[in-house]
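Next come the chains, spelled out residue by residue.
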Amino acid sequence: MPEAKSKVSPSRAARFAVFLFQRVVQAIPVLILVAIGVFGLLELAEGDAVDAYLAGIGAGDAGLAAELRDRYGLGDGLGSRFLTYSTRLVQFDLGYSIAFSRDVSTVILERLPNTLLMMISAILLSASIGVILGGIAAMRKGGPLDAGITFGALILNATPGFWLGLLGIILFAVKLRWLPIGGLSTLDADYGPVRATLDVARHLVLPVFTLALTYLALYVRLMRGAMIEVGESGWVLAARARGVPERQVVLRHIGRPALLPVVTMIGLQSGTLLGGSVVIETVFSIPGLGALAFEAVSQRDLQLLAGILLAGTLLVVFVNIIVDLAYGLLDPRVRLGAGEIA
């Protein structure tokens, strides 16, 4: 009788490594398309960083312009510029920023933590509050509490984020003087590490809450709809028929799978990282990546803008990998890549 072949299942670490490798490979074409698209769109725009630089200093002639273009490789042909641009990207060199007279990677790394701190705090805050309020509304479906939460979500959904920011500045910074008007820290303040951290947190209260209120309505509606839909499923009815306590039914059998669309939306919102931060960073004068993108566009700094967009693309790819992993934790039926990771 032939011996049965034993199948050795790969370990969880091996499955995770395969999954991660697959996601990285899938991200490469996306990054290439983004790089080509950014280069093409900016090449179609009239003028370049040298024109913006000379206009800014209010001086210069054709000779100086030609010298600057030769120095920064802007005077070459289209094919030569694209080849130089692509070669630098392969070498993880984002180029040199004419507007800031520094390496693009250095400028981005200085601004990126500010945007990440603000955006991550806002998204986590809005998702947490939205899940709680949406769950309460779903459990009180058709009642006055449900109507009040739904109406409030609709009002927030129709309110522009910049208007909420300006209203917060007028009320809490100008009238009550509880919070600073803008910026990321107090200028010329000689604080220690603890007080410096508290100072930054105090400056971020208004922008974080403004962003959180902007996103809150979406999470409330998602969680409410998902919990109502899951609550009518067969396994929930079966759990209640078996006498499972209602608290366990709500938290485990309804709440856990209802979080899937919320997690999906967090991944989708990572794509609005730059767009959402431009407005808020402008209103509150925060030196972040969104404000940097606006400066790069106004200065026609191709290398800087391309680096910002590529950095944003990498962030989106990373967040979506985290979202895929969260699926496995929330729903055991979800299988990622080569096998179930969670």
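The structure displayed is predicted, hence computed values, not measured ones.

Visitor: Before we move on, can you summarise the packing of helix H7 (residues 161-175) against helix H8 (residues 193-231) with the specific residues and values?
Guide: Any two packed helices are characterised by how steeply their axes cross, that is the angle between the axes, and by the distance between the axes. The contact between H7 and H8 brings their axes to 9 Å, and the two run at 140°. Between H7 and H8, the angle falls in the class oblique. Along this stretch, H7 crosses H8, giving a crossing that reads as right-handed. In this structure, H7 contributes Gly161, Leu164, Gly165, Gly168, Ile169, Phe172 and Ala173 to the contact, and H8 contributes Leu206, Thr210, Leu213 and Thr214. The class makeup of the residues in the contact of H7 with H8 is six nonpolar, five polar and no charged.

Visitor: Describe the packing of aromatic side chains, naming the residues involved and giving the relevant values.
Guide: Within a pair of aromatic rings, the relevant descriptors are the distance that separates the centres and the angle that separates the planes. The tally for this structure, following the rule as stated, stands at one aromatic pair. The interplanar angle of 40° and the centroid separation of 6.1 Å between the aromatic rings of Phe172 and Trp178 together place this pair among those described as tilted.

Visitor: Any details on the environment of Phe209? Residues and values, ideally.
Guide: Locating Phe209 in the fold gives a position in helix H8. The exposure class assigned to Phe209 is partly exposed, which follows from its relative accessible area of 44%. Taking the C-alpha atoms as reference points, Phe209 and Leu125, separated by 84 residues in sequence, lie 8.1 Å from one another.

Visitor: For the pattern of salt bridges, give the residues involved together with the corresponding values.
Guide: Opposite charge on two side chains permits them to pair, given that their charged atoms come into close proximity. With the rule as written, the count across this model stands at three salt bridges. The salt bridge involving Arg111 is made with Glu295; its shortest N-O contact spans 3.6 Å. Of this pair, Arg111 sits in helix H5 (residues 104-139) while Glu295 is found in helix H12 (residues 289-298), placing the two residues 184 residues apart along the sequence. Measuring nitrogen to oxygen at the nearest pair gives 2.7 Å for the salt bridge that ties Asp146 to Arg224.

Visitor: An account of a nonpolar patch on the surface is requested, with residue identities and associated values reported.
Guide: Taken together, the side chains of Phe16, Leu20, Val24, Ile28, Ile32 and Ile36 make up a nonpolar region of the molecular surface, amounting to roughly 480 Å² of accessible area. Positionally, Val24 belongs in helix H1 (residues 12-44).

Visitor: Would you mind going over H12 in detail, with residue names and values included?
Guide: Burial in H12 covers these residues: Leu289, Gly290, Ala291, Leu292, Ala293 and Ala296. Phi turns positive, to about 55°, at Arg300, one or two residues after H12.

Visitor: Tell me about unusual backbone geometry, residues and numbers included.
Guide: Even without being glycine, Arg177 reaches a positive phi, approximately 60°. Tracing the sequence through the fold places Arg177 in the loop between H7 and H8. Here Arg177 falls in the exposed class, since its relative accessible area comes to 67%. The phi torsion at Ser285 lies on the positive side, around 55°, for a residue other than glycine.

Visitor: Run through the nonpolar core, naming residues and quoting values.
Guide: Core analysis: the biggest nonpolar cluster contains 33 residues, and Met118, Leu211, Tyr219 and Met227 have the highest contact counts within it. Counting residues per element, the ones that place at least two in this core are H5, H7, H8, helix H9 (234-241) and helix H10 (246-269). With residues near it in sequence (within four places) discarded, Met227 still touches Gly135, Ala138, Met139, Val250, Ile254 and Ala258. Counting 13 residues, the second-largest nonpolar core is a separate cluster that includes Leu292, Ala293, Leu304 and Ile308.

Rules used throughout
- Residues numbered from 1 in each chain as written.
- Predicted model: local features only at pLDDT ≥ 70, side-chain atom pairs only at ≥ 80, totals over all residues.
- Heavy atoms only, no water.
- Axes fitted to C-alpha atoms, helices over the stretch in contact; angles between N-to-C directions.
- Helix = DSSP H or I, 4+ residues; strand = E, 2+ residues; numbered from the N terminus.
- Parallel < 35°, antiparallel > 145°, perpendicular 65-115°, else oblique.
- Left-handed = near helix turned anticlockwise from the far one by under 90°.
- Contact = heavy atoms within 4.5 Å.
- Nonpolar A, V, L, I, M, F, W, Y, C, P; charged D, E, K, R; others polar.
- Phe/Tyr/Trp six-rings, centres within 6.5 Å; stacked < 30°, edge-to-face > 60°.
- Buried < 20%, exposed > 50% of the residue type's maximum accessible area, 1.4 Å probe, protein only.
- Salt bridge = Lys/Arg side-chain N within 4 Å of Asp/Glu carboxyl O.
- Patch = residues over 30% accessible without salt bridge, like charges linked within 9 Å, V, L, I, M, F, W, Y side chains within 5 Å.
- Areas by Shrake-Rupley, 256 points an atom, 1.4 Å probe, with all protein chains shown as cover.
- Core = buried A, V, L, I, M, F, W, Y, C linked by side-chain atoms within 4.5 Å.

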